[in-house]
Amino acid sequence: MEELVHYEVLARRPGAAMHLEAWLEDQSRALQMANEMIGCGEFIAVMVVRETRNPKSGKFTPLVIRREGDFTSPVTRKLASGDLPPPRCRTGADLYGPMARARIAEVLEAWLARKKITAFELIHRLDLSETLRNAGGEYQHAVQKFAVPEALLRRSTVHEVIKSLHPVIDEAATRLRVTTQANGFAALSLSTFAEICDDLADVHDRLFLLGGAVAAYLESAEDWGAKVERVLNLADAAPEDGPGRDLAMHVLAMPMAEIFNINAAMADLLGPELDPAGHIAALAQLSAPDVAEAVSAFDSVAATLLPKPTAIGERLARFLAEPRVNGLRLALGRKILGEIASPKRLRPASAEGEVEITRVLAITLMTAAEHLGGAEAVHEAFVSRSHAMVGTEFVTAYLKVARTPMDEALALARLMESVVGGIHKRQAVRWLQSCVTSLKFDAEIKSTKLPAQARLNQLAALYRRISRSGGKEAGIEPLLQIIGDLGGKIEADAKVLAQFRKTALPPVQKLQLLIRMAMGETAPIGPATERARLEAKRVMAQPETIHELSREPRMLHQVQTMMNALDRAA
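Enquirer: Quick question: what am I supposed to make of the pairing of strand β3 (residues 45–53) here?
Expert: Looking along a regular strand, one sees the side chains alternate between the two faces of the sheet. Counting buried positions along β3 yields eight of nine residues, so the element is predominantly enclosed. Of the strand pairs in this sheet, β3 and strand β4 (residues 60–69) are connected by nine bridges, and their pairing is antiparallel. Paired with Val46 across the two strands is Glu68, which belongs to β4.

Right, dumping it as C-alpha cells:
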C-alpha cells in the first residue's frame with residue numbers, strides 16, 4: 001500500500017492562536033494559499049505542513065515546508081463561540097445528499113478510481129460499503145479528511161467530529177444492509193425500468209430505492225464507457241412522461257454527474273488522445289452540440305480544431321438536452337469554465353496552437369453562454385485564461401518558434417486578438433511595442449531586400465490587425481503612431497510617391513492606387529498616407545483626370561465618395 005500524503009495550512013490572526021485553515025492534497029495549491037493569506041494582511045503568520053501516513057503503522061509524520069510570520073507574539077483573544085452551525089450530516093440519510101456525495105467522492109477519490117466506481121454506487125451497494133469499511137487505515141484516513149473541514153466550520157476538534165460522525169455512518173450502513181437483505185432494491189432490466197419508476201414515483205424512499213436498483217444494474221459494467229452506456233440505455237428506457245420520468249432522470253443524473261468529475265472516466269469517453277484544450281472542446285460539444293456544429297460550419301479553422309464527437313459523446317449530448325437534467329448540464333458548464341479559468345496550459349505542446357484553440361473556444365462558449373451559466377461567467381473565465389496567456393512564461397514559449405521580426409509582431413497581434421480584459425490587452429500591447437521598437441525589427445523593416453512597397457504593405461497589415469483587435473481599453477494609439485511613423489520613413493527614404501508620380505499609368509488608375517494607399521490599405525496610417533492623400537488630391541485636380549472621369553459617371557461618384565471620406569478622416 002502506498003503512502004498517503006496531505007497538506008495542512010495553518011495560520012494565526014493578530015492576537016489569536018494558530019488555527020487550521022485548510023486541508024489539501026495538492027502541494028502547489030497549499031503553498032499558493034499560504035502566500036495569498038500572508039499577502040492579504042489578515043494573517044500575521046502562516047505555516048504549511050506536509051503530513052505523510054505510514055501504511056503499516058497508520059501514524060502521520062509531519063514536515064513543515066513553509067513557515068513565515070510572527071509565531072511568538074502572545075495570544076490575547078480567543079475565538080468567539082457564538083451559535084455553532086448544525087452538523088451538515090446528522091442522520092444516515094444525509095449522506096445521500098448531493099453535497100455529501102461530492103465530499104465522499106473527494107475524500108475517497110483514489111479508492112473509487114481503483115475500483116472504477118462512483119460515490120453513488122458506493123453508498124447504494126452493500127458489498128462496496130463493507131469492502132471499504134474493512135479496508136481499515138484507508139477508511140479511517142477518509143473519515144479524517146472528511147472531519148477536518150467540518151471541525152474548522154464548527155470550531156471544534158477533529159476527534160469530536162469523528163466521534164459524532166461514526167453513528168451517522170453506522171445508521172446509513174444499517175439502512176443499506178436491511179434494505180439489501182430484504183430484497184428492497186428491485187432487479188432492473190431495460191424492459192421493466194419504466195414500470196419500476198412509475199411504481200416508485202409516490203414512495204417515500206423513492207430516490208434511495210431506485211438508486212440502489214440502478215447501482216446494482218451498473219455492477220456488471222467493466223469500465224467507464226460501459227457504465228455510461230448502461231446509464232444511457234436506462235434513460236432511453238425511462239417512462240416517456242410524468243412523475244416516473246422525473247424520478248428516473250433525477251436518479252440517473254446522480255452517477256452521471258460524478259462520472260463527469262472523474263478525469264480518467266471522461267478521457268475514456270471522449271478520447272484519451274485529447275489534450276486539455278481538446279478535452280474542453282469535447283465537453284463543450286456535449287453541453288451545446290448545435291452551437292459547436294454551427295461554429296464549425298461558419299469558421300473553417302474551428303472545423304479543424306474542434307474534435308469530432310464520439311458515438312457515446314453524441315448519446316451523452318442527447319441525454320443532456322433533456323430538460324429534467326438541466327442542473328447536470330449547468331454543472332458541466334461550470335466544470336468547463338473552471339478548466340478555462342485554471343492556470344494550466346491548454347495545449348502544452350504548442351503555444352501557437354493554444355492561442356488558436358483559445359480563440360475558437362471563446363467563440364463557441366460565448367455563443368453557448370446560456371448553457372454555461374451566462375455570458376458574464378464565460379467572459380470571466382476567459383479573463384482568467386488571458387492572464388496566463390500574456391505572462392512571461394507563455395509569451396516566451398509562444399515566440400520560441402523561429403520567426404522573422406515582422407512575423408513575430410503579427411503573432412503578437414494574433415495573441416492580442418485572443419485575450420480579453422483591458423489589463424491583458426494592454427500587456428499584449430506592451431509585448432508588441434517592445435517587438436516593434438527592437439533593433440532587429442527596425443533593421444528588417446529598413447532592409448532593401450524587400451521592395452519598399454512590400455514593406456509598406458506588411459506594416460499596413462500589422463496596423464490594421466492591431467486597430468481591429470485593440471480597442472480603446474488596450475491603449476494602442478502610441479503603438480499605432482510608431483508603426484505609422486515607420487511607414488512614413490520608408491516612403492520618404494525610398495521616395496515611393498515621387499517614383500509613383502513618374503509612372504506612365506492612366507490618371508484614374510493612378511488615382512485609385514493613391515486612394516488605396518491614403519486609406520491605409522497599402523501603407524500604415526500616418527505620414528505616408530497623409531502624403532498619399534495630398535498627392536491624390538493633386539492628381540484628382542488634373543484636367544486629364546477630370547476628362548477621363550467625366551466619361552464614366554459611376555467611377556466619378558465612387559472616387560468623389562472616397563475623396564470625401566479621406567478629407568473627413570484627415
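Enquirer: Honestly, the side chain of Arg245 in this entry has me stumped. Any pointers?
Expert: With respect to the element layout, Arg245 can be found in helix α11 (residues 243–260). A relative accessible area of 14% places Arg245 in the buried class. Excluding residues that lie within four positions of it along the chain, Arg245 makes contacts with Ala235, Ala238, Pro239, Glu240, Glu322 and Arg324.

Enquirer: Any chance you could explain the environment of Arg465 here in plain terms?
Expert: Its location among the elements puts Arg465 in helix α24 (residues 452–470). Sequence spacing of Arg465 and Ala142 is 323 residues, and the spatial spacing of their C-alpha atoms is 55 Å. What Arg465 contacts, discounting residues up to four positions off in sequence, is Leu410, Ala413, Arg414 and Glu417. At 3.1 Å, the side chain of Arg465 forms a polar contact with the side chain of Glu417.

Enquirer: Sorry, what's going on with the packing of helix α8 (residues 193–200) against helix α9 (residues 206–217) here?
Expert: Each pair of packed helices can be described by the angle between their axes along with the distance between the axes. Put simply, α8 and α9 touch, their axes get as near as 10 Å, and they point 160° apart. Here α8 is positioned roughly antiparallel relative to α9, judged by the angle of their axes. Along this stretch, α8 crosses α9, giving a crossing that reads as right-handed. Between α8 and α9, the contacting residues are Phe193, Ile196, Cys197 and Leu200 on the first element and Arg206, Leu209, Leu210 and Val214 on the second. Looking at the contact of α8 with α9, its residues break down into seven nonpolar, no polar and one charged.

Enquirer: How should the confidence of the model for the protein chain be read in this particular structure?
Expert: Regions with low pLDDT carry predicted coordinates that are not meant to be interpreted in detail. When the pLDDT values of the protein chain are averaged, the result is 84; 93% of them are 70 or greater. Of the regions scoring below 50 in pLDDT, residues 79–84 engages in five contacts with residues more than four places distant in sequence or in other chains.

Enquirer: In this structure, what is going on with the side chain of Glu322? I would like to understand it.
Expert: Relative to the elements of secondary structure, Glu322 occurs in the loop between α16 (311–320) and α17 (326–341). Beyond its immediate sequence surroundings of up to four residues, Glu322 is in contact with Arg245, Met249 and Arg329.

Enquirer: How do you make sense of the pattern of salt bridges when you look at a structure like this?
Expert: Once the charged atoms of two side chains with opposite charge are near each other, the side chains can pair. Using the criterion set out here, one finds 31 salt bridges in the structure. Asp170 is the partner of Arg133 in a salt bridge, and the nearest nitrogen-oxygen pair spans 2.8 Å. Here Arg133, found in helix α5 (residues 126–133), pairs with Asp170, found in helix α7 (residues 158–181); they are 37 residues apart in sequence, far enough to count as distant. Overall, the relative accessible area of 33% leaves Asp170 in the partly exposed class. A salt bridge links Arg324 to Glu322; its shortest N-O distance comes to 3.0 Å. What makes Arg324 partly exposed here is its relative accessible area of 34%. One continuous salt-bridge network, built from bridges that share partners, spans Asp299, Glu356, Arg359, Arg414, Glu417 and Arg465.

Rules of the game
- Residues numbered from 1 in each chain as written.
- Predicted model: local features only at pLDDT ≥ 70, side-chain atom pairs only at ≥ 80, totals over all residues.
- Heavy atoms only, no water.
- Buried < 20%, exposed > 50% of the residue type's maximum accessible area, 1.4 Å probe, protein only.
- Helix = DSSP H or I, 4+ residues; strand = E, 2+ residues; numbered from the N terminus.
- Pairing = 2+ DSSP bridges.
- Contact = heavy atoms within 4.5 Å.
- Polar contact = N/O pair within 3.5 Å; in protein donor to acceptor, adjacent residues only side chain to side chain.
- Axes fitted to C-alpha atoms, helices over the stretch in contact; angles between N-to-C directions.
- Parallel < 35°, antiparallel > 145°, perpendicular 65-115°, else oblique.
- Left-handed = near helix turned anticlockwise from the far one by under 90°.
- Nonpolar A, V, L, I, M, F, W, Y, C, P; charged D, E, K, R; others polar.
- pLDDT = per-residue confidence, 0-100.
- Salt bridge = Lys/Arg side-chain N within 4 Å of Asp/Glu carboxyl O.

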